[in-house]
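# Observations on the model geometry
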Amino acid sequence: MKEIPEEIKKEIEKLVKELNYHNYRYYVLDSPVISDEEYDMMLRRLKELEEQWGYILPDSPTQRVGASPSEKFEKVEHREPMLSLDNAFSIEELREFDARIKRLLGTNESIEYTVEPKYDGLAVELSYKNGVFFKAGTRGDGYVGEDITQNIKTIKAIPLRIEGVDKVPDEIDIRGEVYMNIDEFERINKERQERGEPVFANPRNAASGSVRQLDPSITARRKLHMACYGIGYYSGIEIKSQFDFIEWLRKARFPIPAYIKIARGVDEVINAIKELERIRQTYPFETDGAVVKVNDFELQKRLGTKTREPRWAIAYKYPAHQGITRLINILSSVGRTGVITPVAILEPVRIGGVTVSKSTLHNWDEIKRKNIKIGDYVIVERAGEVIPHIIGVVIDRRTGNETEPEAPAHCPICGAKIVREPGEVALKCINLNCPAQVEERIKHFASRRAMNIEGLGDKTVSLLHERGLIKNFVDIYKLKQDHLRDLPGFAELSSKKLIEAIERSKRTTLARFIYALGISQVGEYAAKLLAEHFRTIEDLYHVKMEQLIKIPQIGEKTARAIEQFFNNEENLEAIDELKRMGLTVENPDYQEKEKPLPIKGLTFVITGTLPRPRHEVQEIIEQAGGRVSSSVSRNTDYLVVGEDPGSKLTKAQELGVKTVSFEELLKLIRQD
Ligand code: IVH
């Protein structure tokens, strides 16, 4: 390794320290003190230095991503078991818990407790040695979990080095909950739904699925958070109570629970729980209760644990926002990519102050799995901001008059046959002209990166679609200035401009055109790959999956979607109509298959007058892999001889270079 100058070392160390601090300001405190640009500039400088000198600190922010996917999770042992919690479902049970503790401790005095939110996520243990993060594991069975070190590193709120405290512990295992905010959960589910992938049932499953990922780059793309609330094995520091520990975590720059209160005696506990029940509604994440812990670590030790739960803590569960009502019917709604989602129509019921009369059922598999029938009484839950969902059926209330719901065979909007991709849960309507999808498809078609029709933005498309002027993207090209002039916001000039832009868009590339078609699974990248392999759009008509999966990077799912699209006559008819209206598709991306080069590496010289102009002959030779030189030498392989040859022929004969006529040259090229 290169000798690193002391000042470079110092600069790297300073950058890591500063970047980590700003990272903490941003992700933990939510109050940055520098701009994103400044942060990026510092990070870029650090990357440069690290690359140049190979000096990378373990807590460098550059080490948060970049690990490659693994085959399976390694195991991690917890040095202290990770326990679960007993539940209390009522204030009564909470009082019993307090009484039990007093009895066990042999005291009548009020006990000091802490009250914290119960995060609904995935319990994780972080291990630090000499203040540096080195390992993370899931809870597993409490004794052995899975090694998720690489994934955890991508969570920016988790410090890679313990800083800010007077004394850094030699070793410490810190426990907490990894969770996902509700808006991130909804964003991911929307994306999955559009791609026809199974959706996560709740933010907890989404967080857990994101952490237990063999590919850390997927974890990195999901916004995950952590709240640290517990301590496992530790040495080299002294901590007296839960409250002090949370204080210590705060100083050490760890993300801590959004709420922690000391409560003396059970009545104060109850007050805190009530306060938290109100506050938790404002949190962007889900909590399902409050955790009550005996504050003093010494007392915790005296109380000890049962097999799986400590005696010194309990989870008070808030009543879930649930209700029971009758399922009247199941309808289907069609999303913009054609995904058909079942929607439950419910007898209106009030849950948590809101009237619920509809709920999503995610997909038809879920209906089967939950054994839901029309007419059933179902348990509906409204968790946080999330759209209500059906958790299950009250089987006892069945009368026998319930009917088996049936997945639709035809699109409820356009009547086209619905397809289901094997191995997929989503049902789909793949009719391009389906009105439910049309507006969104047209917007996509006209968008900048697709056909790039300037002036035909989302609002204009909506307007034209509403007025019945465009029913599909073919109609765009049938628009006349007369149609536009009277529309709100369309003066003479802008309608003229739009017509011109539409006209201009007729000349496009195959990659853009394929992307514009909005084939499911086919984004810009896949469109470009297709353009590289198929010269024209017609070459894709009736294409078969087998052909498509030969293209590296095109997976089975994408191949299937493409096959389905181009095997649909209506879709082909729409494309043909566009072409009849003047669509010209160029394909600069097409990569000709490697042609045979029969005269590769051979050198030719030309003399005399040939049946074709000299430059053409040269091109013929070069296209077949040969080279053309202007004078004969020992390196010449053939002299191509025409009429009235010059001195080159004599020279060739002297050197014993073979001569060929133009016809013989063509034979040479064709034969091989
Ligand atoms: S303390 C020995 N505190 O709830 C104490 N747990 O149902 C056990 N949880 O496994 C952990 N928020 O995953 C504790 N503030 C909090 C918590 C919390 C959520 C989870 C944790 C635990 C589960 C038990």
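Up top you'll find the structure we're talking about.
Numbering of residues starts from 1 in every chain and runs along the sequence as written. Confidence filtering applies because this is a predicted model: local features only for residues at pLDDT of at least 70, side-chain atom pairs given and counted only at 80 or more, and all residues used for totals across whole chains, interfaces and linings. Processing note: side-chain calculations cover all non-hydrogen atoms of the structure and skip hydrogens and water entirely.

### What to know about the sheet that holds strand β10 (residues 287-294)
- Pairing in this open sheet of five strands is mixed, and the strands run β2-β11-β10-β3-β9 from one edge to the other. The sheet is open, and its two edges are formed by β2 (87-88) and β9 (261-264), each paired on a single side.
- Pairing between strands is defined by DSSP: at least two bridges between the two strands are required. Helix and strand definitions follow DSSP, with helices as H or I runs of at least four residues and strands as E runs of at least two, each counted in order from the N terminus. Pairing geometry for β10 and strand β11 (residues 313-317), over five bridges, is antiparallel. Across the sheet, the residue bridging to valine 292 is isoleucine 314, located in β11.
- The sheet contacts of helix α3 (residues 91-105) involve β2, β3 (112-119), β10 and β11, and relative to β11 the element is tilted by about 170°.
- Lying on the sheet, helix α8 (residues 242-251) is in contact with β3, β9 and β10; it crosses β3 at an angle near 50°. Contact between two residues is taken to exist if any of their heavy atoms lie within 4.5 Å; hydrogens are not considered. Throughout, an axis means a line fitted to C-alpha atoms (over the contacting stretch in the case of helices), and angles, computed between N-to-C directions, take values from 0 to 180 degrees.

### Quick look at the packing of α3 against helix α9 (residues 265-279)
- Their axes nearest at 10 Å, the elements α3 and α9 cross at an angle of 140°. One finds that α3 runs oblique with respect to α9. Crossing angle aside, the handedness with which α3 passes α9 is right-handed. Contact residues: α3 offers Ile91, Leu94, Arg95 and Asp98, while α9 offers Val266, Asp267, Val269, Ile270 and Ile273.
- Within the contact of α3 with α9, the residues separate by chemical class into six nonpolar, no polar and three charged. For classification purposes, an angle smaller than 35 degrees is called roughly parallel, one larger than 145 roughly antiparallel, one from 65 to 115 roughly perpendicular, and anything else oblique. For a crossing to be left-handed, the near helix must be turned anticlockwise from the far one by less than a right angle; the clockwise case is right-handed. Residue polarity is assigned by list, with Asp, Glu, Lys and Arg as charged and Ala, Val, Leu, Ile, Met, Phe, Trp, Tyr, Cys and Pro as nonpolar; anything else, Gly included, falls into the polar class.

### With respect to the site of the ligand
- Around the ligand, a shell composed of 14 residues is seen, among which Glu116, Tyr119, Glu177, Tyr229 and Lys293 lie nearest.
- Contact distances for the ligand include 3.0 Å between a nitrogen atom and a backbone N or O atom of tyrosine 119.
- Taking tyrosine 229, its side chain carries an N or O atom lying 3.3 Å from an oxygen atom of the ligand.
- A 1.4 Å probe and the Shrake-Rupley method give the accessible areas. Residues count as covered only by the protein chains that appear here. A total of 520 Å² of accessible area belongs to the ligand in isolation, and the protein chains cover 88% of it.
- Listing elements by their share of the shell around the ligand, those giving two or more residues are β3 and β10.
- Tallying contributions element by element places β3 first for the shell around the ligand, with four residues.
- Split into classes, the residues belonging to the shell around the ligand amount to nine nonpolar, no polar and five charged. The rule for a residue being near a molecule or strand is that one of its heavy atoms must lie within 4 Å of it. Under the rule applied, a polar contact is a pair of N or O atoms within 3.5 Å (in protein, one hydrogen donor and one hydrogen acceptor; residues adjacent in sequence only if both atoms are side-chain atoms).

### Here's the deal with a negative patch on the surface
- On the surface, a cluster of negative charge is made up of Asp36, Glu37, Glu38 and Asp40.
- The residue glutamate 38 is located in helix α2 (residues 36-53) in this model. Like charges within 9 Å and nonpolar side chains (Val, Leu, Ile, Met, Phe, Trp, Tyr) within 5 Å are joined into patches, using only residues over 30% in relative accessible area that form no salt bridge. Each reported salt bridge corresponds to a side-chain nitrogen of Lys or Arg within 4 Å of a carboxyl oxygen of Asp or Glu. Counting rule for charge: Lys and Arg are taken as positive, Asp and Glu as negative, and neither His nor the chain ends is counted. Throughout, a charge is located at the NZ atom of Lys, the CZ atom of Arg, the CG atom of Asp or the CD atom of Glu.

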